[in-house]
Amino acid sequence: MADNNNNNKQSGNNQPDKDNKTRPKFNVYWVYGLIALAFFGIQFLNMGGDPKEVSWGEFERIMLVSHDVKKIIVVNDERVEVFIKADKLQNDKYYQLLGGKENVPKIGPHFFFTIGTLETFEDNLREIQSKFKPEDKIMVSYDRRKDILGDVLSWLLPIVILVAVWLFIFRRMSGVGGGGGGSGGIFNIGKSKAKIFDSEESEVKTNFSNVAGLEEAKVEVMEIVDFLKNPTKYTNLGGKIPKGALLVGPPGTGKTLLAKAVAGEAHVPFFSMSGSDFVEMFVGVGASRVRDLFSQAKQKAPCIIFIDEIDAIGRARGRNPNFGSNDERENTLNQLLTEMDGFDTNSGVIILAATNRADILDRALMRAGRFDRQIHVELPDLNERRDIFKVHTQPLKMEKALDLEFLAKQTPGFSGADIANVCNEAALIAARQEKKEIQKQDFLDAVDRIVGGLEKKNKIISKDEKRTIAFHEAGHATVSWLLEHANPLIKVTIIPRGRALGAAWYLPEERQITTAEQMLDEMCSTLGGRAAEQLIFSKISTGALNDLEKVTKQALAMVAYFGMSDKIGNVSFFDSSGQGEYNFNKPYSEKTAEVIDHEVRNLIDVQYQRAIDILKENVNGLVRLSELLLEREVIFSEDLEDIFGKRKGERNIEPNDKA
Ligand code: ADP
Ligand code: ZN
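What counts, and where the lines are drawn
- Residues numbered from 1 in each chain as written.
- Chains lettered and ligands numbered in written order.
- Predicted model: local features only at pLDDT ≥ 70, side-chain atom pairs only at ≥ 80, totals over all residues.
- Heavy atoms only, no water.
- Patch = residues over 30% accessible without salt bridge, like charges linked within 9 Å, V, L, I, M, F, W, Y side chains within 5 Å.
- Areas by Shrake-Rupley, 256 points an atom, 1.4 Å probe, with all protein chains shown as cover.
- Salt bridge = Lys/Arg side-chain N within 4 Å of Asp/Glu carboxyl O.
- Lys, Arg positive; Asp, Glu negative; His and termini not counted.
- Charge placed at Lys NZ, Arg CZ, Asp CG, Glu CD.
- Helix = DSSP H or I, 4+ residues; strand = E, 2+ residues; numbered from the N terminus.
- Buried < 20%, exposed > 50% of the residue type's maximum accessible area, 1.4 Å probe, protein only.
- Pairing = 2+ DSSP bridges.
- Contact = heavy atoms within 4.5 Å.
- Expected span 1.5 Å × (residues − 1).
- Donors = N, O, S within 2.8 Å, 3.2 Å for Na, K, Ca; no water.
- Phe/Tyr/Trp six-rings, centres within 6.5 Å; stacked < 30°, edge-to-face > 60°.
- Lys NZ or Arg CZ within 6 Å of the ring centre and 35° of its normal.

## Looking at a negative patch on the surface
On the surface, Glu215, Glu216, Glu220 and Asp381 cluster together to form a negatively charged patch. You can see glutamate 220 is positioned in helix α8 (residues 215-229).

Given below as structure tokens:
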């Protein structure tokens, strides 16, 4: 996830930038200007007015018969231009015809008219002139003219359009029009699009105090800061400074934040780029961007290059012949490897890269001398979540009594980014209710909203549907309450939220391994919804789609991945390299496939029956719970305790939080 405090966005390439300011750029507006100028020029030459159209009759009566005509030109066999003798022009009858003395054209033609056919025109003229004296007869000249402007436009316009389209596309591709980081238009497609933070005002302000938790990662990363600050301490003893470190972890856990903090602590420039920025539709662009990035970085050394989502280019090369390999991506990766080998270890450029899947990266990237360190960034545990809350509630106005520990307990499985989101959302919710300070309830609402989406109070749901939903959710709640190993329930609602019509909220335990019993109990309570519908109404609905999907996946995982089925045994078909997704053939035989299918079905059937049995035994409680749910829409674990008594396996929710 890219960070967003890059208001001081700077172009990554200063050199071309300077050039551009001095080099006159070709500009389409010049063409318009020239055309306009030509237009005005023509107008100017013709000053005094345009030739006026007259009829054949007027021409004959007023001009021809009085021997005023100097010459006649027939243009393109259709238009006749009439030139009047200069001395005859100074006459009231012409002023009248032309609409005033000032409108008399300086140079001819003064009048024109159009003719039907050339023959009739010539016949008419000959007939009239036949009575003229020979020296008064005027000769007709002929002219073929081209419409120059029209012709020019007809071939210029397509070219102009083509050039415009071409410019537009290139601008878009090099990211200038689209607001990317590059500069200078079409010439910069091969330049890196890295964002750079280096000058005084854009220096990275993030430091380790902005990063909560992640203690182990911080220790490792602290070393890098030290390398950058005092390289001689290490090189004096003959040691080599590492070139790169890979930050591995789920999205939103603060990998970008950590990399920035390193740059901020070491006070060095920070180049930030996403792996997908290298990829472009042109062959060779990725590799050229890598080259450009490194050459820029070397000029600014010591510095940090951060490549987010490196898996976009760093996936293992050519291992799946099925789909053909992506040559362009491989070239980019090869270039990256070459660059990393190419520069001297002591040049002070350290490359940090982030990914959420280290296992699919090319082995060559992880070789010593490249990303030889892996720093794992995990989802925060209870204490870390509390610390992250502390960081993000700092700028908020909250009620004094707010217990961050409590908030941390309500947000298992949340990443740092989620928590930042909760804090912001809580502030918005409180503001919407015109509160002076943010209260606990606002935070809880924000958590609900982030987990489940927006509450949809006015979604239209019929009474029958509401009843079905209530029994379905009560089924989940009842079964999970009565099973020892299921996740502890926090609350059940039948208020539609996001796309769900109702929900049972659990507090998942934070555990690293899960036992078979826990998985089975969870499957059983997931099936509890449909089981309740079946038991009470003797009919089932589509409302269990999500439940069924979840259960099926879980059952398949138990059988095919975790070796939890007797018939399959301790065999796992899990493929941690991520390559299996593209394979057409399964790594097991048809016979095994059948057994797997059978085992999955069997697991689910057994758990479904178990859920039905539990509900049958406790049908009174189930009905009471559903009625309560219909009445109040939200119920909490206390209400379940009232109905069913204390939970059997009531455990300490987070055994390690007391320590
Ligand atoms: P990633 O790069 O791992 O996807 P980011 O570093 O972009 O995640 O994190 C996104 C945001 O989440 C950060 O800007 C920060 O506000 C918040 N965040 C994540 N982890 C932490 C943490 N450990 N401490 C404080 N804030 C965090
Ligand atoms: Zn359900």
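Next comes the rest of the description.
## Things to note about the pairing of strand β9 (residues 303-308)
The buried fraction of β9 amounts to six of the six residues, a majority that puts the element mostly inside the structure. Of the two faces of β9, both are covered, the one formed by Cys303, Ile305 and Ile307 as well as the one formed by Ile304, Phe306 and Asp308. Where strand β8 (residues 270-274) lies against β9, five bridges are found, and the strand directions are parallel. Following the sheet pairing, methionine 273 is matched in β9 by isoleucine 307. When β9 meets strand β10 (residues 349-355), the two strands line up parallel, connected through five bridges.

## What about the environment of glycine 502?
Examined against the element boundaries, glycine 502 turns out to sit in the loop between β12 (489-493) and β13 (503-506). Spatially, the C-alpha atoms of glycine 502 and glutamate 473 are 6.8 Å apart, while their sequence positions differ by 29 residues. When sequence neighbours within four positions are dropped, the list of residues in contact with glycine 502 reads Ile469, Glu473, Thr493, Ile494 and Ile495.

## Structural notes on helix α17 (residues 416-432)
Taking 1.5 Å as the rise per residue, α17 with 17 residues should run 24 Å; its terminal C-alpha atoms sit 24 Å apart, in good agreement. Taken together, the buried positions of α17 are occupied by Gly416, Ile419, Val422, Cys423, Glu425, Ala426, Ile429 and Ala430. Against α15 (382-393) and α18 (440-452) lie the buried residues of α17. In the segment just after α17, glutamate 434 is the residue with positive phi, at about 55 degrees.

## Observations concerning the coordination of the zinc ion (ligand 2)
At this site the zinc ion (ligand 2) is bound by His472 (NE2), His476 (NE2) and Asp547 (OD), with donor distances of 2.0 Å. Counting residues between consecutive donors of the zinc ion (ligand 2) along the chain gives the motif H-x3-H-x70-D. You can see histidine 472 and its partner histidine 476 sitting in helix α19 (residues 463-482), four residues apart, about one turn around the helix. For the pair histidine 472 and histidine 476, one class covers both residues: buried.

## Section: the sheet that holds strand β3 (residues 79-84)
Spatially, β1-β4-β3-β2-β5 is the arrangement adopted by the five strands of the open sheet, whose pairing is mixed. Every other strand in the sheet has two partners, leaving β1 (52-53) and β5 (140-143) as the edge strands with one partner each. Pairing analysis gives four bridges linking strand β2 (residues 69-75) to β5, with the strands arranged parallel. Residue pairing in the sheet places valine 74 in a bridge with tyrosine 142 of β5.

## Looking at unusual backbone geometry
A positive phi angle, near 55 degrees, is found at asparagine 76, a position not held by glycine. Its place among the elements puts asparagine 76 in the loop between β2 and β3. For asparagine 76, a relative accessible area of 26% gives the class partly exposed. The phi angle at aspartate 77 is positive, at roughly 60 degrees, despite the residue not being glycine. Turning to its location among the elements, aspartate 77 is positioned in the loop between β2 and β3.

## Points about the side chain of glutamate 473
Assignment of secondary structure puts glutamate 473 in helix α19. Beyond its immediate stretch of four places on either side in the chain, glutamate 473 contacts Val492, Thr493, Ile494, Gly502, Ala503, Ala504 and Leu629.

## Comments concerning the packing of aromatic side chains
This model, assessed by the stated rule, comprises eleven aromatic pairs. Summarising the aromatic geometry, the rings of tryptophan 56 and phenylalanine 121 are spaced 5.9 Å apart at their centres and angled 80 degrees between planes, so their arrangement reads as edge-to-face. Taken together, the residues tryptophan 56 in helix α3 (residues 56-64) and phenylalanine 121 in helix α6 (residues 118-129) connect sequence positions 65 residues apart. Through pairs of rings, three or more aromatic residues link up here, namely Trp56, Phe59, Phe113 and Phe121. The ring centre of phenylalanine 83 lies 4.7 Å from the NZ or CZ of lysine 71, which sits over that ring.

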